[in-house]
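Working through the structure, step by step
Chain by chain, the residues:
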Amino acid sequence: MLKRVSRLLLPVTLLFSLLITANPAFAETASSAGSSNNSLEFGSASSTLTLSPGINFGTSAFTFETYFKTGPVIDNGFFLGVGDGTGLSINIHSVTEIQIDGFCINATVFVLPTAMQVNTWHHLAIARDASNNETVWLDGVRAASGYNRWNNSLTYGPVFTDDRNYNGPTTGINKSDACGHCNGPGDRDFNGVKITNFRVVVGSSIYDPNSPTITLPTTPLANVANTKLLLNVSNSSAFLTDSSGNQTITNSSVVFRAADTTAPAAPTSLVATAGDGQASISFTQGSNGGSAISNYKYSLDGTTYTALSPTATTSPITISGLTNATSYSIYLKAVNAVGDSSASSSVSVTPVATNTGGGASSSSQGEVIPNVTTANSRNRKIISWDQPTDLVLTTYNKTTKKTKVSTLSGGEVSVTNPKPGQTATYTISSAKGEVLKAFTVKSKPESPKKVEAVIQASTLSASWSKSVGAKKYRVTITPEIGKPITLTTTDPNISIDLESAGKATLKVVAIGANGLVSKTVLKTI
């Protein structure tokens, strides 16, 4: 049987991942909500907050949640720590695990759906309802499973029936006084962690533990019924004020930090549609830097930028005042309260006069619009059209962010698909800029090669050659005894501890930047 992984001989780029089937649409992201709010920074083990008189959870339903930013390492700090009795504590157990501990009455570890990342904003929520159903969500997605801390052969699903009596005050953040070894550096140590919008509710469950996903809350968090602690970190003069009015907070070396908002990221994946004296530009919005996008700017020369008026904050945007039959290379910048983003890659477009010929078959009187068709041919696309006219092909590679414009002649041409792991969008236009056909091609990455694996003692080690077009790899290890382990890594070298040196099967696939996966490589060890 495989034991819980206790030692990973992996570079810091290795990311553990349990597969999930869906990503919800959030009101906010953990990054945008966290970085746009003031926060409290715990620099080390000596950075603590003491709560008085503390919070007694007892047998009540409860909800705990916070936005938090990890430090340069992910360690075992306590979001809540017990003061005495059999009170409740909540702490990080590993990069993929959150522990809910009733001091001296056992502990449950919930396995997260994805690994927490260093220097990253996350949202953590825990809820127990009136029926004792309990679970954990990271960034709105529920835990994948759980197990007993002191007997990890006892495993649970994502919802645990928790009928324990947490009868004792929880009195600290990044401290747990009732547990001697838990309260020592290394066992309890938020190293550079920031928290903001921290809420504890006792007597009701804000979220339904049976829900696989939750919508991330907007900030600041509300002071709802039964709130026992609320830290919205309003300003530098009152940053330790409990907005619920139930706790007096004593600070030891915790530092107020202003919101770490930045300028937004540049828009990507620009696609232009020609109009009469204007162009419509659709795009993918980048990170807003923790501050809402307030407008976009455009440039026709890559140097001078003009703010849209009236303002526009979502895709697509319209640029007017252009000259028909003139080709433009357009760049965009996003704007927030901090400033402008860097410039996007350019997209080409040629505005065209509105059809005045009255016929559906012409864009101007007497001009016949060709019928364009495409067909697949191995790793190429065949483009054909039925009129003796040249066409314009605009190729935008979404992976490299590069745009290429070329002329198509002769009635039929072949176009090579993007390189392995990449995605490209092809737009075919008439000479006057009318879009005749558009399509997107995704290429799979190449399969991993030279896969080697060995089990020495109880350690499985595996390696393979880097695959062309691979951004990361998904590895599934199926032992003779025990459950399969699935992990995601960017490094083609892994080592992992097993319970025994029995046989195992290793499956490796490459995953491209476009999300497509290669063929599976199977290795029996």
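Residues numbered from 1 in each chain as written. Predicted model: local features only at pLDDT ≥ 70, side-chain atom pairs only at ≥ 80, totals over all residues. Heavy atoms only, no water.

**Observations regarding the overall build of the protein chain**
Scanning the protein chain from terminus to terminus reveals one helix and 39 strands. Here the protein chain holds 525 residues, and the buried ones make up 48% of them. Taking the contacts inside the protein chain whose residues are at least 6 apart along the sequence as the reference set, 67% of them involve residues at least 24 apart. In the form shown here, the protein chain has an accessible surface area of approximately 22900 Å², with 49% of it arising from carbon and sulfur atoms. Charged side chains in the protein chain number 39 positive and 32 negative. The centres of these two groups are separated by 9 Å. (Helix = DSSP H or I, 4+ residues; strand = E, 2+ residues; numbered from the N terminus. Buried < 20%, exposed > 50% of the residue type's maximum accessible area, 1.4 Å probe, protein only. Contact = heavy atoms within 4.5 Å. Areas by Shrake-Rupley, 256 points an atom, 1.4 Å probe, with all protein chains shown as cover. Lys, Arg positive; Asp, Glu negative; His and termini not counted. Charge placed at Lys NZ, Arg CZ, Asp CG, Glu CD.)

**Some words on the pairing of strand β5 (residues 88–94)**
For β5, the tally of buried residues reaches six of seven residues, placing the bulk of the element in the interior. As judged from the two bridges shared by strand β4 (residues 78–82) and β5, these two strands associate in the antiparallel manner. Bridging from a neighbouring strand, F78 pairs with N91 of β5. (Pairing = 2+ DSSP bridges.)

**A closer look at the confidence of the model for the protein chain**
Here the protein chain shows a mean pLDDT of 85. Residues at 70 or above account for 90%. pLDDT under 50 marks residues 1–27. Its contacts with residues more than four places away, or in other chains, come to 70 contacts. When the criterion is pLDDT under 50, residues 356–366 qualifies, and its contacts beyond four places in sequence or with other chains add up to 15 contacts. (pLDDT = per-residue confidence, 0-100.)

**Side note on the packing of aromatic side chains**
Taken as a whole and assessed by the stated rule, the structure comprises twelve aromatic pairs. When the centroid spacing of 5.8 Å and the interplanar angle of 65 degrees are considered together, the rings of W137 and Y207 count as edge-to-face. Residue W137 is found in strand β9 (residues 133–138), and its partner Y207 is found in the loop between β15 (193–202) and β16 (227–231); the two are separated by 70 residues along the sequence. A residue is classified by how much of its surface remains accessible, and Y207, at 11% relative accessible area, is buried. These aromatic residues form a ring-pair network of at least three members: F42, F64, F68, F79, F190 and F198. In this arrangement the basic side chain of R149 is found over the ring face of W150, its NZ or CZ atom lying 4.3 Å from the centre. (Phe/Tyr/Trp six-rings, centres within 6.5 Å; stacked < 30°, edge-to-face > 60°. Lys NZ or Arg CZ within 6 Å of the ring centre and 35° of its normal.)

**Overview of the sheet that holds strand β38 (residues 504–512)**
Taking strand neighbours across the sheet as the criterion, the four strands line up as β36-β35-β38-β39 in an open arrangement whose pairing is antiparallel. The two strands at the open ends of the sheet, each matched to only one other strand, are β36 (485–489) and β39 (521–524). Pairs of neighbouring strands in the sheet enclose a mean axial angle of 20 degrees, with direction left out of account. (Axes fitted to C-alpha atoms, helices over the stretch in contact; angles between N-to-C directions.)

**Notes on unusual backbone geometry**
Following T219, the chain continues into P220 via a peptide bond in cis, with omega recorded as 0 degrees. Mapped onto the elements of the fold, P220 is located in the loop between β15 and β16. With an omega of -5 degrees, the peptide bond running from S315 to P316 counts as cis. With a phi angle near 50 degrees, N197 is a residue other than glycine that sits in the positive phi range. Unlike most non-glycine residues, S269 shows phi in positive territory, near 55 degrees. Note that S269 resides in strand β19 (residues 268–274).

**Focus: the environment of T374**
Inspection of the secondary structure puts T374 in strand β26 (residues 372–377). For T374, a relative accessible area of 28% gives the class partly exposed. Discounting residues that sit within four places of it in the chain, T374 has contacts with K381, I382, I383, K437 and F439.

**Some remarks on the environment of L408**
Here L408 lies in strand β29 (residues 402–408). Relative accessible area serves as the criterion here: at 5%, L408 is assigned to the buried category. On a C-alpha basis, the gap between L408 and I428 in space is 8.9 Å, while along the polypeptide they are 20 residues apart.

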